[in-house]
Amino acid sequence: MLAYILRRMLYAIPILIGVNLITFGLFFVVNTPDDMARMQLGAKRVTPDAIEKWKAERGYDRPLLWNSTAAGAARFTRTIFFEKSARLFAFDFGNADDGRSIGHEIRTRMWASLALAIPAFLVGLAVYVSFALAFAFFRATYLDFWGVVLCVAMMSISTLFYIIGGQYLVSKLWSLVPISGFQPGPDAVKFLLLPVVIALVGGFGEGVRLYRTFFLEEMSKDYVRTARAKGLAETSVLFGHVLKNGSIPILTGVVAAIPKLFLGSLLAESFFGIPGLGSYTIDAIQAQDFAVVRSMVFLGSALTILGYLLADISYTFVDPRVRFN
Amino acid sequence: MPVGLPTDYAVWLLVAAAAGYAMYVRRQPHLAAPWRRVAQSTAGMSALVVLVAFVVAGLLDSVHFRPTLEGRDQQGRPVYGVEVLSLLDVLVMPLKTRTERTYSAPFATRAYARETTELPSGGVVREFPRLRYGGAHLADEADHIRDVAVRTLQGIALGFAGWWLAVWLATAALARRHGVSVGAMWNAVQHRRTEIPWRAVYLTVLALTLIAVPVALLATRYHVLGTDKVGQDVLYLSLKSIRTGLVIGTLTTLVMLPLAILLGIMAGYFRGWIDDLIQYVYTTINSIPGVLLIAAAVLMMQVQIDKNPDIFPTSAQRADFRLLLLCVILGLTTWTGLARLLRGETLKLSELEYIQAAHAFGVRHARVITRHLLPNVMHIVLITLVMDFSGLVLAEAVLSYVGVGVDPSTNSFGTMINAARLEMAREPMVWWTLAAAFAFMFVLVLAANLFADAVRDGFDPRVLVSTRAAGAAA
């Protein structure tokens, strides 16, 4: 098993390299530093001097891949590829276009993201699994039918409406919690309550329906029929067998999502003014700060890959069939 | 002068492909069978009726032209307007042209905010000015509510009569086809004894007409859904947004299909290093968080469009090109899911005897793939296609909010919601843009979801097996 985990970890390296090459291609080849400078400096009548100055300040004035003016190893290292792209491997993100250190921003903003993402994730998981189990238990009854109808209807509403509607109702009309903002420490609760509830409601339809399918699929298997045939009560079939085995696909999905919690939620954070990584990314996209977007793409991919890796490893623990193959 | 926007061509190409597929399926009983199962689904058929209504609006909005203006130029050629119009614009021209100065509530006769107006006698008064068009036909504003009620009732009566006629004709046609009397057919429909749930279809059509006809009648005199900041009718904006949603939902799949099918099947069929390579490519793309990859690609695209502003003669064409590129980007980032499914299925199928037999007979790879593999994975393609649609419509709204969606000048649900966000903060609140976007999007996405479920149930052999097993167990 150790060999398997090791092999999976090694496999992550070429994928990270691939991600790096894609971002490099998108951000520096399709779109040259000159374009970037022109865009940031705004007007169409920018002087070439201004562009050169902007590039020099941010270190974009080097050649892309091969620096023929330098000597020795510097031919590789004093290039945009090495300084801007390859350094990402060391999680050295450099500076944003406004000069601030991206790494520092990520380290400070991460906590706000986690403060929102972890409760939303845990509460969501508990609620969705409970409802899915209930619907599966009452399958082919009116409860199940209308439950699924509710899920489909809730899936058909854009998250934007949940956020805008929730903010209007709870914050503006009933004045229960502040509309937006954030404070570290215990005061954060009142700012986080509404975003967590909205995340819960927004993901309800999709989550419950997906988990219900997992449970129903498990319930149609032969071993469940055997369990019933030997006279087990439906509740012990459900909790003793179906919940356990149905949790395997849920677990893999859940474990894969854990590292991404760091990234936060793009929409919720920007609507609720939570200074996390999600709102950082949105602000960067809107300000067209490519250095930040590039860093977030790389960080997000690295976390996703880590998630897949963890999911695979957790799979070997819960499903012995994988372990012994 | 007809104007071919890039997405127009793509849309009509898609329509032609769908028609061709339908003709082909009709002649192949084994392909028609799953569709027959779809047609038996009550929810699926009701959803289809709603979808057809949306698609008709979208297609009408996909025939563009520049109107001929009065007079001729020096060479005697006709002069064309700068503005690009669509057939839908022509149909709802009053909605498009009758713009107010700024916000007005649904059915309002007066503006939403006070304005300072000068009296003819010289004084100045702050009042809610009468709208230029909304309720302008009323001599006495006190008649306002009565007028709206009368028009609504007229619309309902008219809609009901039209529906009745259409239903009678449809039932008569059905009766002819089945060789029974109209009365017997009517009974069968009413008591849900028909194979296709016609009663549900009739009722959905009734619901649609009872909404559409009164709204159409009222829309000639009022702004049924109010007006936005620059006084445009929100109903018009909503109707125009339909096309954007449909284009994104369908063209994206059109872009991703060739990639996903080709690479997915190749990976599963050839295995070895080809499989490794293709798997590597899609795992890499898959590990970049979707929104970020799309955002990065769209930002790059924007730079390129800004750099070459002269290649498009009209702004409509530039906005449309951006829409097309957005579809391409979405397609390039979302093909991985389908490719993985197809690879798995192809791996399974390649082990089966009939493929082995084909190899033994020396059939070429290309022929094995097109003849023996492709038809047997098509159900997965179809299911993915319809399942993805609603997600893409929702994604458009989010992307437009993030600022990497459609061009701000393109009407879309995303741009409407974006505008609504600021309006919600106004005092008094402007709620109708958001409500309109919500209603249209909800109905469209719900219908798409329900239809997708019906298609999945009809096509997925696993569902058939499990329902049969459940039936046997019961």
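About the criteria used
Residues numbered from 1 in each chain as written. Chains lettered and ligands numbered in written order. Predicted model: local features only at pLDDT ≥ 70, side-chain atom pairs only at ≥ 80, totals over all residues. Helix = DSSP H or I, 4+ residues; strand = E, 2+ residues; numbered from the N terminus. Buried ≥ 20, exposed ≤ 12 C-beta atoms within 10 Å, placed from the backbone. Contact = placed C-beta atoms within 7 Å. Axes fitted to C-alpha atoms, helices over the stretch in contact; angles between N-to-C directions. Parallel < 35°, antiparallel > 145°, perpendicular 65-115°, else oblique. Left-handed = near helix turned anticlockwise from the far one by under 90°. Nonpolar A, V, L, I, M, F, W, Y, C, P; charged D, E, K, R; others polar. Pairing = 2+ DSSP bridges. Expected span 1.5 Å × (residues − 1). Arc of directions from axis to C-beta. pLDDT = per-residue confidence, 0-100. Core = buried A, V, L, I, M, F, W, Y, C linked by C-beta atoms within 7 Å. Bend = angle between axes of the 7 residues up to and from the residue.

### Some details on the overall build of chain A
From N to C terminus, chain A includes 15 helices and zero strands. For chain A, the C-alpha atoms occupy an extent of roughly 80 × 60 × 35 Å along the three principal directions. Burial analysis of chain A (325 residues in total) assigns 34% to the buried set. Restricting the contact set of chain A to residue pairs at least 6 apart, pairs at least 24 apart contribute 67%.

### Remarks on the overall build of chain B
Broken down by element type, chain B carries 17 helices and seven strands. Projecting the C-alpha coordinates of chain B onto the three principal axes gives extents of approximately 100 × 65 × 55 Å.

### What to know about the packing of helix α8 (residues 159-173) of chain A against helix α9 (residues 188-219) of chain A
All names here are of chain A. α9 packs onto α8 with a crossing angle of 140 degrees between their chain directions and a minimal axis gap of 10 Å. Relative to α9, the element α8 is oriented oblique. Handedness of the crossing formed by α8 with α9: right-handed. Seen from α8, the contacting residues are T159, Y162, I163, G166, V170 and S171; seen from α9, they are L194, I198, V201 and G202. A per-class count over the contact of α8 with α9 returns six nonpolar, four polar and no charged.

### Points about the interface of chain A and chain B
On the chain B side, the residues contacting the 37 residues of chain A number 39 residues. Elements represented by at least two residues in the side of chain A that touches chain B include exactly α1 (2-30), α2 (33-41), α7 (142-155), α8, α12 (266-272), α13 (277-286) and α14 (290-318) of chain A.

### A word on the pairing of strand β7 (residues 124-127) of chain B
Residues and elements named next belong to chain B. Pairing of strand β6 (residues 115-118) with β7 involves four bridges; the strand directions are antiparallel. What sits directly across from E115, in β7, is E127. Here β6 folds back onto β7 in antiparallel fashion, the turn holding five residues, of which G122 has a positive phi close to 110 degrees.

### Re the environment of F451(B)
Residues and elements named next belong to chain B. Secondary-structure assignment places F451 in helix α16 (residues 432-459). In this structure the C-alpha to C-alpha distance between F451 and L51, which are 400 residues apart in sequence, comes to 8.6 Å. Residues contacting F451, with those up to four places away along its chain left out, are G44, A47, L48, L51 and V386.

### Focus: the environment of G246(A)
Residue and element names in this part refer to chain A. Here G246 is to be found in helix α11 (residues 234-257). Among the residues examined, G246 registers 24 C-beta atoms within 10 Å and is labelled buried. Each C-alpha atom, one on G246 and one on F214, is 5.7 Å from the other, the two residues being 32 residues apart in sequence. With residues near it in sequence (within four places) discarded, G246 still touches F214, F215 and E218.

### So, α7(A)
Residues and elements named next belong to chain A. Between its terminal C-alpha atoms α7 stretches 20 Å, which fits the 20 Å expected from 14 residues at 1.5 Å a residue. Inspection of α7 places G147, C151, V152 and M155 among the buried residues, and these make up the whole buried set. Down the axis of α7, the buried set is contained in an arc of 135 degrees. They therefore lie on one face. Facing away from the buried side of α7 by more than 90 degrees, the exposed set consists of Y142, W146 and V149.

### Quick word on the sheet that holds strand β1 (residues 2-3) of chain B
Residues and elements named next belong to chain B. Strand order in the open sheet formed by three strands is β1-β2-β5, and the pairing between neighbours is antiparallel. Either end of the sheet is taken by a strand with one partner, and the two such strands are β1 and β5 (85-86). Relative to strand β2 (residues 64-65), β1 is paired through two bridges, and the arrangement is antiparallel. Residue P2 lies in a different strand from β2, and its bridge partner there is F65.

### Let's talk about the confidence of the model for chain B
Residues and elements named next belong to chain B. In this model, chain B carries an average pLDDT of 85, and 97% of its residues clear a pLDDT of 70 or more. Within chain B, helix α17 (residues 461-473) has the poorest average pLDDT of any element, 44, and helix α3 (residues 42-60) the best, 92. For this predicted complex, the interface score ipTM comes out at 0.87, while the overall pTM is 0.89.

### Looking at the nonpolar core
Within the largest apolar cluster, 176 residues are counted, with the highest numbers of intra-cluster contacts made by V293(A), I294(B), A295(B), A437(B) and F451(B). With 18 residues, the top contributor of residues to this core is helix α9 (residues 234-270) of chain B. If we skip the residues at most four places from it in the chain, A437(B) touches S238(B), F413(B), M416(B), I417(B) and A420(B).

### Some thoughts on α1(A)
In this model, α1(A) (29 residues) spans 41 Å end to end at C-alpha, consistent with the 42 Å of a helix rising 1.5 Å per residue. The largest bend in α1(A) comes to about 25 degrees, at F24(A). Every buried residue of α1(A) is accounted for by I15(A), V19(A), N20(A), T23(A), F24(A), F27(A) and F28(A). Against the buried residues of α1(A) lie α2, α5 (80-85) and α14 of chain A together with α10 (272-287) of chain B.

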